[in-house]
Amino acid sequence: MGKPTRFQAPKGMHDILPAEIWRWQRLEAAFIEAATLHGYSEIRTPILEPTDLFVRSIGESTDVVQKEMYTFQRHDDSLTLRPEGTASAARAYVQHAVQALEPISRWYYLGPMFRAERPARGRQRQFHQAGCEIFGDPGPTCDAEMISMLVSMFVDLGIGELEVSISSLGGPETRPKYRSVLLDFLRPKAADLSEHSRARIEVNPFRVLDSKDEGDRAAVEGAPSILDYLSDEDRAHWDALKTQLEALEVPFRVSPGLVRGLDYYNRTLFEISSSAGELGAQNALAGGGRYDTMVEDLGGPKIPAIGFAMGLERILLAMGESERVVEPSCFVVPMGEKATIDGLVLARELRQLGVRVDVDGRQNSLKSKLRRANSSGARVCAIIGESEIETGTVQLKDLLQHSQEQVPRDRATRIIADRLLGSTPRAGGND
RNA sequence: GUGGGUGUAGCUCAGUGGUAGAGCACUGGAUUGUGGCUCCAGUUGUCGGGGGUUCAAUUCCCCUCACUCACCCCA
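Calculation criteria
- Residues numbered from 1 in each chain as written.
- Chains lettered and ligands numbered in written order.
- Predicted model: local features only at pLDDT ≥ 70, side-chain atom pairs only at ≥ 80, totals over all residues.
- Heavy atoms only, no water.
- Pairing = 2+ DSSP bridges.
- Helix = DSSP H or I, 4+ residues; strand = E, 2+ residues; numbered from the N terminus.
- Axes fitted to C-alpha atoms, helices over the stretch in contact; angles between N-to-C directions.
- Contact = heavy atoms within 4.5 Å.
- Core = buried A, V, L, I, M, F, W, Y, C linked by side-chain atoms within 4.5 Å.
- Buried < 20%, exposed > 50% of the residue type's maximum accessible area, 1.4 Å probe, protein only.
- Domains from an automatic or database assignment.

As for the sheet that holds strand E15 (residues 393-398)
Reading across from one edge, E13-E12-E14-E15-E16 is the order of the five strands in this open sheet, with mixed pairing throughout. Edge positions in the sheet fall to strand E13 (356-359) and strand E16 (403-408), since each of these pairs with one other strand and no more. Across the sheet, the axes of successive neighbouring strands diverge by a mean angle of 25°, strand direction being ignored. In terms of strand pairing, strand E12 (residues 329-334) meets strand E14 (residues 380-384) through five bridges, oriented parallel. Opposite cysteine 330, over in E14, you have valine 380 as the bridge partner. Its contacts with the sheet place helix H13 (residues 337-352) against E12, E13 and E14, and it is angled at close to 170° to E13.

So, the nonpolar core
Counting residues in each nonpolar core, the largest one holds 56 residues, and the members touching the most others are Cys132, Ile147, Leu150, Phe154, Phe308, Met310 and Ile315. Not counting chain neighbours up to four residues away, the residues in contact with phenylalanine 154 comprise Ile159, Leu162, Ile272, Leu285, Ala286, Met310 and Ile315. Among the nonpolar cores identified, the runner-up in size contains 33 residues, and Ala87, Ala90, Phe127 and Ala305 belong to it.

Quick notes on the domain arrangement of chain A
Often, the extent of an interface is quoted as the loss of accessible area upon association of its parts. Taken as a whole, chain A is organised into domain 1 (18-173 + 231-319) and domain 2 (325-427). Placing a centre on the C-alpha atoms of domain 1 and another on those of domain 2 gives a separation of 48 Å.

Set out below in structure tokens:
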């Protein structure tokens, strides 16, 4: 018998170990705080949804639906691991008739998403997104507010070199009109386009404008801009959005060629990218836009909506290294059996007062325990040995100040707690 | 999905057709009960996995897996 096979996480799916989880928690806390300040409440939906939900909302012809979904059969149901969060939120909104409870709903979510792509830096098969959705508000005020929230959150996280791109896709009047104008422009140029783009002209001509191919870019130079074909209402919405963003001092770039890979968007479209940190080619940190017809398309009432999603892995790359904030804690070092029992009790007493405590119960040398105390980042260390048990004392060592004092065991808990948490002036504070 | 690069100790990486090394980390000691610095000693590897060539493969060849870069796509 050989050794058992060593398993590893599936391709493109990663463990996040304790050594790095604090960065995730910091990011998540910043997101939750920003969302909460803006009136969003969390929604949690299943990670699996009926496959058709994504086909209908994201769009049958999109890459996400055509080749990236994890889909499987379970009895008679076709289920899919969610590739994004908006469809689920909209499904939940419709299922629970939330429009009957309140005119406007602001939701945020956070969690893993799945897309079967070839992994690269900033692109994994299981990745994590956080996002916000607003149902029932036609904008454009909430559009501007949403973009502004994202930008200030990124700035607060220390991410530099941000670029905000915005555009408008117009509504049901604008799109067909622009589409035919664009087709008239592209068809004669088909011969100059890359094979990839040529194939797209009829399927999704908007995407041709977004090509990275140099030949395509040259050929597309001077293409008509959708912004010149907006209906009066779409134009009013678009102009107001820009005015409000300027008022909020959000620097943005108008990118008429901006395209999202999901079919459901209309009117406001935005993307925030950064060239900071260790981001490679995948430098879009967040993207979103309006999807005013999705709720209705999913069998609900006519309810306008807007949302965005941000990729947590990429944001962490863009954030780069940062100082870990270590919370004050106490390290208890007992030597010997009796002392170990007492160390356990001391630790419990300290925890009851809200102090973070480690007890090193290994049967090894004082030196190695102190080494661990030091590298744990603990601020103080309580040493209990045979002689301390006999004299009813504890050696209280301050690892930062390199000082040590002997304190009575019965006052040790209070003294340590005061030192770490700061003495809390309660009734009659006399200092 | 297409094309390229990489894969040696827990981590960062040297190295060789004759089955391996450094630094960091870890453990012990110098200090029989005192951490961060210093010094000394020690532990750790199926040289990513499988197959082939060879007397002999970690080294050469093929396949495969993982990561990575570009394309693609997107957050």
